[in-house]
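Listed below are the residues making up each chain.
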Amino acid sequence: MPDAKKADILGCSIDIVDIHEALEHIDFLIEAGKTEQVITLNAEIAYAAREDQQLQKIINSASLVTPDGIGIVWAGRLMGYDIKDRVTGIDLAYRVSEKAVNQGWKIYLLGAAPGMADKAAVNLSSLYPGLQIAGSDHGYHKKEDMAEVIKRINLTQPDILLVALGAPRQELWINEYKAELDVSVCIGVGGSFDVIAGEKKRAPEFFIKFNLEWLYRLLAEPSRIKRQAILPLFVLQVLKNKYLSIK
Ligand code: UDP
């Protein structure tokens, strides 16, 4: 593994990487040839992990944890870490696909509503001609069908498995089935397939540039308020951690 600096945010160990370094890491992990887990960590999941030891253990044993979301970037900087930018699931999905063309990596897409991963695969293939899509499947299988789902993935021998089940469901899923998967790298990419498939819009450039993507998502999907209400709690906890040394 290349030497990466780590940031500790509320007990979660995060790699201080930008998108280029994250891609280099993934390249390295594929060369290593085991089944490695990549997590794009947002504030909501870091906050939940404080009271969920299993989740915290999964995060801290992942091979690469990138800073996803402005909350994590802000907290990291406040703690004095040199975190430059967000490395989100959707950015990784696109950039890994782009890099896969030259590297000859095969990608499998698992997740989202029926048909969505197939559509995302078609769109990625037309964006990056020469991309090898190993296969695609939806994210609503019953537990008893999982052995079959995994068998189909393994038969296609992908290098990378993009798992879009939403966080932390995808982190738990990857952790549970890692040992059975014949894949080098599994990356949790949240709701990315809905966007890549063209079903949902990503925030306009303005929102992304000013770190307001969370606000756009809230305006587009007001039902996210419950999840996003965690952000102020996360901020409070980080401040307590830093200034009052309260864990
Ligand atoms: N999803 C899934 N299986 C499930 C529940 C959710 O495949 O059992 C998919 C859902 O269709 C959506 C994604 O997971 O495509 C979750 O998107 P969201 O934007 O909520 O995730 P986030 O990026 O916030 O983690």
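Conventions used here
- Here, residues in each chain are numbered from 1, in the same order as that chain's written sequence.
- Two thresholds apply to this predicted model, a pLDDT of at least 70 for residue-level local features and 80 or more for giving and counting side-chain atom pairs, whereas whole-chain, interface and lining totals are computed over all residues.
- Excluded from the side-chain calculation are hydrogens and water; included are all heavy atoms of the structure.
- Pairs were defined over the aromatic rings of Phe, Tyr and Trp, the Trp ring being its six-membered one, requiring ring centres within 6.5 Å. Orientation was assigned from the angle between planes: stacked under 30 degrees, edge-to-face over 60, tilted for the rest.
- Should the NZ of a Lys or the CZ of an Arg lie within 6 Å of a ring centre and within 35 degrees of the ring normal, that charge is described as sitting over the ring.
- Here, the term nonpolar core denotes a set of buried Ala, Val, Leu, Ile, Met, Phe, Trp, Tyr and Cys residues that are joined through side-chain atoms within 4.5 Å.
- Only protein chains enter the accessibility calculation, which uses a 1.4 Å probe; a residue whose area is less than 20% of its type maximum is buried, one above 50% is exposed, and one in between is partly exposed.
- For the purposes of this entry, the term helix denotes a DSSP run of H or I that reaches at least four residues, the term strand denotes a run of E that reaches at least two, and both are numbered from the N terminus.
- What makes two residues a contact is simply this: any of their non-hydrogen atoms within 4.5 Å.
- Criterion for a salt bridge: a side-chain nitrogen of Lys or Arg within 4 Å of a carboxyl oxygen of Asp or Glu.

### As for the packing of aromatic side chains
- According to the stated counting rule, one finds four aromatic pairs in the structure shown.
- Connected via pairs of aromatic rings, a cluster forms that spans Phe206, Phe207, Phe210 and Tyr216.
- The lysine or arginine in question, Arg50, covers the ring of Tyr47, its NZ or CZ lying 4.8 Å from the ring centre.

### Here's the deal with the nonpolar core
- With 36 residues, the main nonpolar core has Ile26, Leu92, Leu109, Ile160, Leu162, Ile187 and Phe193 as its most contacted residues.
- At the level of elements, helix 1 (19–32), helix 5 (89–103), strand 5 (106–111), helix 6 (116–127), strand 7 (160–164), strand 8 (185–188) and helix 9 (192–196) are the ones that each hand at least two residues to this core.
- Considering each element in turn, this core owes the most residues, six residues, to helix 1.
- Residues within four places of Ile187 in sequence aside, it is in contact with Ile26, Val38, Leu92, Val96, Ile160, Leu161, Leu162, Val163 and Ile174.
- One finds Ala7, Ala43, Ile72 and Val238 within the second-largest nonpolar core, a separate group that totals 24 residues.

### As for the pattern of salt bridges
- Under the definition given, this model contains 13 salt bridges.
- Measuring nitrogen to oxygen at the nearest pair gives 3.5 Å for the salt bridge that ties Glu221 to Lys200. On the criterion of sequence distance, the pair formed by Glu221 in the loop between helix 11 (213–220) and helix 12 (225–228) and Lys200 in the loop between helix 9 and helix 10 (205–209) is long-range, its members being 21 residues apart.
- Judged by relative accessible area, which is 36%, Lys200 ranks as partly exposed.
- Between Glu221 and Arg224 there is a salt bridge, with its nearest N and O atoms 3.9 Å apart.
- In the salt-bridge network here, residues are joined through shared partners; they are Arg86, Asp91, Arg202 and Glu213.

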